[in-house]
Each structure stands twice: as C-alpha cells, then as structure tokens.
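Letter by letter, the chains look like this.
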Amino acid sequence: MNAFLHRTETDDTLELGNVSIIGRSPECQVLIEDPRVSRRHAMIRKQDGGFYLFDLGSFNGSYLNGSRVTATRQLKNGDTITFAEHEFQFSETGDQPAVINMEDLGGSTIALIRSTPVIILVSDIKGFTALSEEIEADDLAQIIGSWYSDCERILSEEGSTVDKFIGDCVLAYWTSVTPDTLHGALRAAKKLLASCERIYLERPDVFESIHRRFEVGVAIHTGKVAYGGMSQGEFTLVGDPVNLTFRLESMTRELQSNVLVSGDFVRALPEVRSHCKNHGVHRVKGRAQVVEVFSVNSFPGD
C-alpha cells in the first residue's frame, strides 16, 4: 500500500514513507517553510495496515477535515489535512493482501518470517484516562504529541525500531541481543523518564492545576519471537515475549516502579543486577509460566 500527500497550493505530490515528519525543520520529509508551523509539527506513520496522523505537540495544531487532531487518527482516501492554512489531500493506493491458499501463490513473493531473539520495550503513559478527563483537548494533544516525538527520537538514537504506537503506548524492539543493545535499551528507558520530567516542567500550568505528574511505565524483556512481514510492507513481532512485555509494563503500577525488567533480561546482562531490586516471581494473566521481575532503581553509568 502506497500513500501520498498532494499539496493544494503548489500542486505538488509527495509519496509518504513508513514515517514522515511534517514541519519547518530542513530534515523533515514534508517541509513547510512557515513560522506558524512548528519545527517538528506532525507525523504520518504507517502501521497496522494503514497510515496514521499524529500531532507532535505543535503550537498551532494539526487539522483533519477541519477538526483539530487531539488523538491519533487513521487517514482515509480524500482526507484534508491542514497545518497553519497549508492544505494537503491524502490518498492511498493498493489494498490489504487477502488470505491466499498456498496453491494459488504461483510466482508471488512469500514474506520471510524469522524466529530470532530480540529485546522488547513497552512504555505506557500512567493514568492516561484520568489525564484525558482532566486536561483540555488542545493541551492534551500538545502533551501527547511531544511524547510521541520524544519516543521516536530517543528510540531511534538507541538503535531501536518503533513497531507501533497504540494510543498512549509505544512498542519498540532491537533485533539483536548484545551487551551494547541491552545497555541501549536501559539508556532508552532512562531517557524516556527524563522526557516525562521535561514535558511536566514545560507545562506547570496544566499539571499543577490537576495535581498530577506526567509519568510512564517502561518494561524491557528479551525472548525469541517471530519477526518479519506479516502483511505487505508491514514488519512486526509476534510471540509470547511480546505479550509478556505488555503484562510486565502493567505491573509497574502494582510494584510502584517506573521501570521493570524480566529475569531473562537480567540474566542476559548480569551487571545490571546490582542496580535492581528483585520482586520475585509473579504469575501474569493469560500465561501458565511465572516471570521473575526486577525493578530498576538506578542505571549503569549513573
């Protein structure tokens, strides 16, 4: 599936990649040279078989069919997107691949699926439902947009691939398990916590009025997953380790810790044990095997 933005005022058409940043900064894939447009204003990302629009905490907002974007929105053929009066038409071509019998494949290319050890990171905004109820939609869009932007940047800096954003949650992975990538995952967790503090301090008018902080939970796990093209142009992870990492992240509330890692992660990077507290083994919903859980109380290099 291919997607395009047609800029009305110039009659130019741009093909979108898997991630396209829109803004006035020269490194943006969709450049709009207008001081009313933020440097990193919005993002269009391909995921789950479609293209999704995220506002990245822009000052003047992103508009879809005349309505300000306050949450992730999936784009459809013919949608009109506006950034500070600059209008774009969204279009896409191609359909989702149908389920095909092996005998019908003929000369078609078959997606290569690998079973490989990976590092998985899941991060989720704490108390997002309450934040959504207590913060004005425009303020919430800017805050969540800043968080999306920071996640994309931080995880990229540490060599990770962002698999997808799911509302107030991000799933990312490293396709090799080495001391360097394991340390990279820990650095990413530390930077994600620092990002929350930065966002909180930038908007005291919002957070002090509702007596809440802006915090995330982070979970990191290692395991073997199926990795590859699950549909045309889409690469993702499938397997028990993915589900376990999501369950592990949900335990950050119960164990009152911002960062949890699994016993498998600690065994892969033994030097991190001295920075952790062992919470013993826990049973998680929907899984027969228990998991050993550690909270990260400090980071190597602190």
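Residues numbered from 1 in each chain as written. Predicted model: local features only at pLDDT ≥ 70, side-chain atom pairs only at ≥ 80, totals over all residues. Heavy atoms only, no water.

Trainee: Sorry if this is basic, but what is going on with the nonpolar core here?
Mentor: Considering soluble globular proteins, one finds that nonpolar side chains tend to be buried as a cluster. With 50 residues, the main nonpolar core has W147, L155, F214, I220 and F265 as its most contacted residues. What W147 contacts, discounting residues up to four positions off in sequence, is S123, I125, D168, C169, V170, I199, F214 and V216. In this structure, V30, I44, L75 and F88 belong to the second largest nonpolar core, which totals 20 residues. (Core = buried A, V, L, I, M, F, W, Y, C linked by side-chain atoms within 4.5 Å. Buried < 20%, exposed > 50% of the residue type's maximum accessible area, 1.4 Å probe, protein only. Contact = heavy atoms within 4.5 Å.)

Trainee: How do you make sense of the confidence of the model for the chain when you look at a structure like this?
Mentor: Low-pLDDT portions of the prediction should not be read for the details of their coordinates. Per-residue confidence for the chain averages 87 on the pLDDT scale, and 90% of its residues sit at or above 70. By mean pLDDT, strand β16 (residues 234-238) is the weakest element of the chain at 64, and strand β17 (residues 259-262) is the strongest at 98. In this model residues 96-111 is a low-confidence stretch, pLDDT under 50, and it forms nine contacts with partners more than four residues away in sequence or in other chains. (pLDDT = per-residue confidence, 0-100. Helix = DSSP H or I, 4+ residues; strand = E, 2+ residues; numbered from the N terminus.)

Trainee: What exactly am I supposed to notice about the pattern of salt bridges here?
Mentor: Pairing of side chains with opposite charge becomes possible as their charged atoms draw close. Enumeration over the complete set of coordinates arrives at 20 salt bridges. The residue R153 makes a salt bridge to E157 at a minimum N-O spacing of 3.3 Å. Of this pair, R153 and E157 both sit in helix α2 (residues 137-157), four residues apart, which is roughly one turn of that helix. When its relative accessible area of 38% is taken as the criterion, R153 is described as partly exposed. Classification of E157 by relative accessible area gives partly exposed; the value is 46%. (Salt bridge = Lys/Arg side-chain N within 4 Å of Asp/Glu carboxyl O.)

Trainee: What exactly am I supposed to notice about α2 here?
Mentor: Because the α-helix completes a turn every 3.6 residues, residues three or four places apart line up on one side. With 21 residues, α2 extends 30 Å from end C-alpha to end C-alpha; this agrees with the ideal 30 Å at 1.5 Å per step. Taking burial as the measure, the 21 residues of α2 include 15 buried ones, the bulk of the element. Of the residues trailing α2, G159 is marked for its positive phi of about 80 degrees. (Expected span 1.5 Å × (residues − 1).)

Trainee: Any chance you could explain helix α3 (residues 179-202) here in plain terms?
Mentor: A rise of 1.5 Å per residue sets the reference length of α3, with its 24 residues, at 34 Å; its end C-alpha atoms lie 34 Å apart and thus fit the reference within 8%. Listing the buried residues of α3 in full gives T181, L182, G184, A185, L186, A188, A189, L192, S195, C196, I199 and Y200.

Trainee: Would you explain the sheet that holds strand β8 (residues 67-68) in this entry?
Mentor: Note on sheets: strands pair through backbone hydrogen bonds, and any given pair is parallel or antiparallel. Spatially, β2-β1-β11-β10-β7-β8 is the arrangement adopted by the six strands of the open sheet, whose pairing is antiparallel. Since the sheet does not close on itself, it has two edges, and those belong to β2 (12-15) and β8, each with one partner. Examined bridge by bridge, strand β7 (residues 63-64) and strand β10 (residues 80-83) share two bridges and lie antiparallel to one another. Bridge pairing in β10 places L64 opposite I81. (Pairing = 2+ DSSP bridges.)

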